[in-house]
Amino acid sequence: QVQLVESGGGLVQEGGSLRLSCAASGSIFSRSVMGWYRQAPGKERELVASIRVHSTNYADSVKGRFTISRDNAKNTVHLQMNSLKPEDTAVYYCKAAPDWPKRDYWGQGTQVTVSS
């Protein structure tokens, strides 16, 4: 049974910072690409950042402001978000995409709200 549990969301003022965490249970973490996605009201879910071992990928809109990291010993992935903007307001989801089995696992989401 694989479970992803996000934490760290909340309300922050523009220019502030938040750190999201995603704790994964089960045995897939080390062989998974881990990603953070977000979905704003009325918009499609979009990739924010992903990490495989040490290689990372970021959406253009967050480059230089967000940093994704993982701790394989603790089965945890983090998203450090700095210089937050109102347009970063969304529900943020953690996703695990393992090499096998070939399916994606999602967390329940955590709300991030940035006030101007």
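What counts and how
- Residues numbered from 1 in each chain as written.
- Predicted model: local features only at pLDDT ≥ 70, side-chain atom pairs only at ≥ 80, totals over all residues.
- Heavy atoms only, no water.
- Buried < 20%, exposed > 50% of the residue type's maximum accessible area, 1.4 Å probe, protein only.
- Helix = DSSP H or I, 4+ residues; strand = E, 2+ residues; numbered from the N terminus.
- Pairing = 2+ DSSP bridges.
- Phe/Tyr/Trp six-rings, centres within 6.5 Å; stacked < 30°, edge-to-face > 60°.
- Lys NZ or Arg CZ within 6 Å of the ring centre and 35° of its normal.
- Disulfide = S-S within 2.5 Å.

Observations concerning the pairing of strand β11 (residues 110–115)
Alternating residues of β11 divide into Thr110, Val112 and Val114, all buried, and Gln111, Thr113 and Ser115, none buried. Looking at chain direction, strand β2 (residues 10–13) and β11 are connected through four bridges and run parallel. By the bridge assignment for β11, Gln13 is matched with Ser115. Sheet topology note: the strand β9 (residues 90–98)/β11 ladder contains three bridges and is antiparallel. Across the sheet, Tyr92 pairs through a bridge with Thr110, a residue of β11.

Here we look at the packing of aromatic side chains
Under the counting rule described, the total for this entry stands at two aromatic pairs. Ring centres of Tyr37 and Trp106 lie 5.0 Å apart, and the angle between their planes is 65 degrees; on these two criteria the pair is classed as edge-to-face. Pair noted here: Tyr37 is in strand β4 (residues 32–39) and Trp106 is in strand β10 (residues 105–106), with a separation of 69 residues, a long-range link. For the ring pair Tyr93 and Trp106, a centre distance of 6.4 Å and an interplane angle of 85 degrees mean the geometry is edge-to-face. Residue Tyr93 is found in strand β9, and its partner Trp106 is found in strand β10; the two are separated by 13 residues along the sequence. Looking at Tyr93, the relative accessible area reads 14%, which means it is buried. If you follow Arg31 out to its NZ or CZ, it ends over the ring of Trp100, 3.5 Å from the centre.

Here we look at unusual backbone geometry
Glycine aside, residues mostly have negative phi angles, and peptide bonds mostly take the trans form. The step from Trp100 to Pro101 runs through a cis peptide bond, and the omega angle for that step is -5 degrees. Within the element layout of this structure, Pro101 appears in the loop between β9 and β10. In the Ramachandran plot, Val53 falls in the positive-phi region, its phi being about 55 degrees despite a non-glycine side chain. Residue placement: Val53 occurs in the loop between β5 (46–52) and β6 (55–58). For Ser83, which is not glycine, the phi dihedral falls at a positive 50 degrees. Locating Ser83 in the fold gives a position in the loop between β8 (76–81) and β9.

Describing the state of the cysteines
Tallying each qualifying case throughout the model produces one disulfide. Here Cys22 engages in a disulfide with Cys94; their sulfurs sit 2.1 Å apart. Across the disulfide from Cys22 to Cys94, rotation about the S-S bond amounts to roughly -80 degrees, and the bridge is consequently left-handed. Of this pair, Cys22 sits in strand β3 (residues 18–25) while Cys94 sits in strand β9; the two residues are 72 residues apart in sequence, bridging distant segments of the chain. According to the relative accessible area criterion, Cys22 is buried, its value standing at 0%.

From the geometry alone we can't say anything about function, so treat these as descriptive.
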